[in-house]
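Next come the chains, spelled out residue by residue.
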Amino acid sequence: MNRYGQMTLNHSRRHRPDAYSLIPDPAAFFAATGDEISAMISATRDDLLGPMRPDETPEEYRIRSYQALATAEELTLAAHPLLQPETTLATEEDWSEDQDLAHRFEVLAEINRAIHTDQ
């Protein structure tokens, strides 16, 4: 099991106990999930990275590749349904007034714009 499989297994045990209890073979399920997440991250990284730019050195391309990988990992893990807490019938928290969260989304949007305008 890769690190993403272990991450989803640990998260599910802790934050999704009802769903976790319904999985007949957690080791196999989360091993497969980890492989899927790894493939999604690689595909997203490749999309973000694109080909080597004109006048870009191999070292610059390598550094940009690491940056794209970190962004792809964050985007993929944040959106993956198994890494979300179980929803309950209780009232959901309203995050619209959270200034830190709003700032984080602004920074992510700025990063996204920078990635797409540099190509």
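First, a word on what this report is: a plain description of the structure on this page. For every chain, the first residue of its written sequence is number 1, and the numbers climb from 1 along that sequence. A pLDDT threshold of at least 70 governs which residues receive local features in this predicted model, and a stricter bar of 80 or more applies before side-chain atom pairs are shown or counted, although totals over entire chains, interfaces and linings include all residues. Each side-chain value is worked out from all heavy atoms of the structure, with water and hydrogens disregarded.

1. Let's talk about the environment of Pro17
Where helices and strands are cited, they refer to DSSP runs of H or I of at least four residues and of E of at least two residues respectively, numbered from the N terminus. For Pro17, the position within the fold is in helix H2 (residues 17-21). For the exposure calls, accessible area comes from a 1.4 Å probe over protein chains only, and a residue counts as buried if that area is under 20% of its type's maximum, exposed if over 50%, partly exposed in between. By relative accessible area, Pro17 is classed as partly exposed at 40%. Taking the C-alpha atoms as reference points, Pro17 and Glu86, separated by 69 residues in sequence, lie 8.1 Å from one another. In this description, contact between two residues means that some pair of their heavy atoms is separated by no more than 4.5 Å. If we ignore the near neighbours within four places in the chain, the residues touching Pro17 are Ser12 and Glu86.

2. Looking at the pattern of salt bridges
Any Lys or Arg side-chain nitrogen found within 4 Å of a carboxyl oxygen on Asp or Glu counts as a salt bridge. Taken as a whole and assessed by the stated rule, the structure comprises 5 salt bridges. Salt-bridge contacts for Arg45 lead to Asp46; the nearest nitrogen and oxygen are separated by 2.8 Å. With its nearest N and O atoms 2.7 Å apart, the salt bridge here joins Arg104 to Glu74. With Arg104 in helix H5 (residues 99-117) and Glu74 in helix H4 (residues 58-79), this pair connects stretches of sequence that are 30 residues apart.

3. Quick notes on the environment of Leu69
Relative to the helices and strands, Leu69 is located in helix H4. The exposure class of Leu69 is partly exposed, given its relative accessible area of 33%. Separated by 23 residues in the primary sequence, Leu69 and Asp46 have C-alpha atoms spaced 8.3 Å apart. Excluding its chain neighbours within four sequence positions, the residues that come into contact with Leu69 are Ile41 and Arg45.

4. Description of helix H3 (residues 26-49)
Expected span of a helix, by definition, is 1.5 Å for each gap between consecutive residues, and there is one gap fewer than residues. Helix length check: H3, at 24 residues, gives a terminal C-alpha distance of 34 Å against a target of 34 Å (1.5 Å per residue), a fit within 8%. Where H3 is buried, its residues meet helix H1 (3-15), H2, H4 and H5. Gly50 sits one or two residues past H3 and shows a positive phi near 70°.

5. A few points about the packing of H1 against H3
Across the interface, H1 lies against H3 with an axial gap of 7 Å and an inter-helix angle of 125°. Judged on the interaxial angle alone, H3 and H1 are oblique. Between H1 and H3 the crossing geometry is right-handed. Of the residues in H3, those touching H1 at Tyr4, Gly5, Thr8, Leu9 and Ser12 are Pro26, Phe30, Thr33, Gly34, Ile37, Ser38 and Ile41. Axis geometry follows a simple rule: fit a line to the C-alpha atoms, using only the stretch in contact for helices, then measure angles between N-to-C directions, giving values from 0 to 180 degrees. Orientation labels follow simple angle bins: below 35 degrees gives roughly parallel, above 145 gives roughly antiparallel, 65 to 115 gives roughly perpendicular, and whatever is left gives oblique. In this scheme, a crossing is called left-handed if the near helix is turned counterclockwise away from the far one by less than a right angle; it is called right-handed if the turn is clockwise.

6. Focus on the side chain of Thr33
Relative to the helices and strands, Thr33 is located in helix H3. Thr33 sits in the buried class, given a relative accessible area of 5%. Two N or O atoms form a polar contact when they lie within 3.5 Å of each other; inside protein one atom must be a possible hydrogen donor and the other a possible acceptor, and for residues adjacent in sequence the pair counts only when both atoms belong to side chains. From its side chain, Thr33 meets the backbone oxygen of Phe29 in a polar contact 2.9 Å long.

7. A few points about the packing of aromatic side chains
Between rings of Phe, Tyr and Trp, where Trp is taken as its six-membered ring, a pair exists when centres lie within 6.5 Å; planes separated by under 30 degrees are stacked, by over 60 edge-to-face, and by other angles tilted. Under the definition given, this model contains 2 aromatic pairs. Relative to Phe30, the ring of Tyr20 lies with its centre 6.1 Å away and its plane at 25°, an arrangement referred to as stacked. Here Phe30 lies in helix H3 and Tyr20 lies in helix H2, a separation of 10 residues in the sequence. By relative accessible area, Phe30 is classed as buried at 0%.

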